[in-house]
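# Structural overview for review
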Amino acid sequence: RAGSTSDGTSAVTSVGKIASTSDGLAMYFRPVDAGMNFEISGDITVLQAAANNQVAFGAIVSDMVKIDTYVGEYYSYVAASPLRLARAADTDSSTGANSGYARIDGVLTYGPENILEKVNPGDKFSVSIKKVGNKFTTSVNGTEATFTLDMAGTVYAGFFVSRCAEINVDNIKFNNEVTE
């Protein structure tokens, strides 16, 4: 959970964000050798998610993790996650929320705009990230996007939530025998 969409008084508590120049998120992760090929996957049930373009949740592989620290640094990551949820909630919009995205050398790169309906409590998302070499393929409910990132040393694979969202993650799998 990161923040809340309501505290019983219709107030919103914003914690973290995925924005054009910076991120803040809560993450459950495991360190992994960046030279290893692997796949991480899980099933997410949304408990709450504000219709806000900085709300995100899903699987992530990042080259950096900061614990209880604010540091304005550029880092790279790939996320199998809905992003820009306000676009999905806007019935007048011709675009939807993104399925998957990446931050590469500080620049946010968006995946397909195929989430066309508002995200509601109880909605389910099947997410995964498959890493083979420097290619990362994200999947959000079967919609794939591929991103190319060079990461060295240790990466951090796991699940995250950011800004006014709460999720449960079930059926978590980590496969380190991926060959292609």
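Structure report, in brief.

Quick notes on the rules
Residue numbers restart at each chain and count upward from 1, following the sequence in its written direction. In view of the model being predicted, local features appear only for residues whose pLDDT reaches at least 70, and side-chain atom pairs are presented and counted only at 80 or more, with totals across whole chains, interfaces and linings using the full set of residues. For side-chain calculations, the full set of non-hydrogen atoms in the structure is used, while hydrogens and water are omitted. Strands are runs of DSSP state E lasting at least two residues, helices are runs of H or I lasting at least four, and both sets are numbered from the N terminus onward. Exposure classes here rest on a 1.4 Å probe applied to the protein chains alone. A residue is buried below 20% of its type maximum, exposed above 50%, and partly exposed in between. We call two residues in contact when some of their heavy atoms are within 4.5 Å. Salt bridge, as applied in this entry: a Lys or Arg side-chain nitrogen positioned within 4 Å of an Asp or Glu carboxyl oxygen.

## Re the side chain of Ser128
Along the chain, Ser128 falls in strand β9 (residues 124-132). Overall, Ser128 belongs to the buried group, its relative accessible area being 12%.

## Structural notes on the environment of Pro31
Mapped onto the elements of the fold, Pro31 is located in strand β3 (residues 26-33). Taking the C-alpha atoms as reference, Pro31 lies 9.6 Å from Ser62; in sequence the two are 31 residues apart. Setting aside residues up to four positions removed in sequence, Pro31 forms contacts with Thr154, Val155 and Tyr156.

## Remarks on unusual backbone geometry
A positive phi is found at Asp105, a non-glycine position, where the angle reads about 50 degrees. Relative accessible area serves as the criterion here: at 64%, Asp105 is assigned to the exposed category. Of note in this structure, Asn141 is not a glycine but carries a positive phi near 50 degrees. Residue class for Asn141 comes out partly exposed when judged on its relative accessible area of 45%.

## Re the pattern of salt bridges
A full pass over the atoms with the stated rule returns two salt bridges. In this structure, the salt-bridge partner of Arg84 is Glu113, at a minimum N-O distance of 3.4 Å. In this pair, Arg84 is assigned in the loop between β6 (77-83) and α1 (85-89) and Glu113 in the loop between β8 (107-110) and β9, connecting sequence segments 29 residues apart. On the accessibility criterion, Arg84 (16% relative accessible area) is buried. Salt-bridge contacts for Glu113 lead to Arg87; the nearest nitrogen and oxygen are separated by 3.0 Å. Here Arg87 lies in helix α1 and Glu113 lies in the loop between β8 and β9, a separation of 26 residues in the sequence. The exposure class assigned to Arg87 is buried, which follows from its relative accessible area of 17%. Connected through shared salt-bridge partners, Arg84, Arg87 and Glu113 make up one network.

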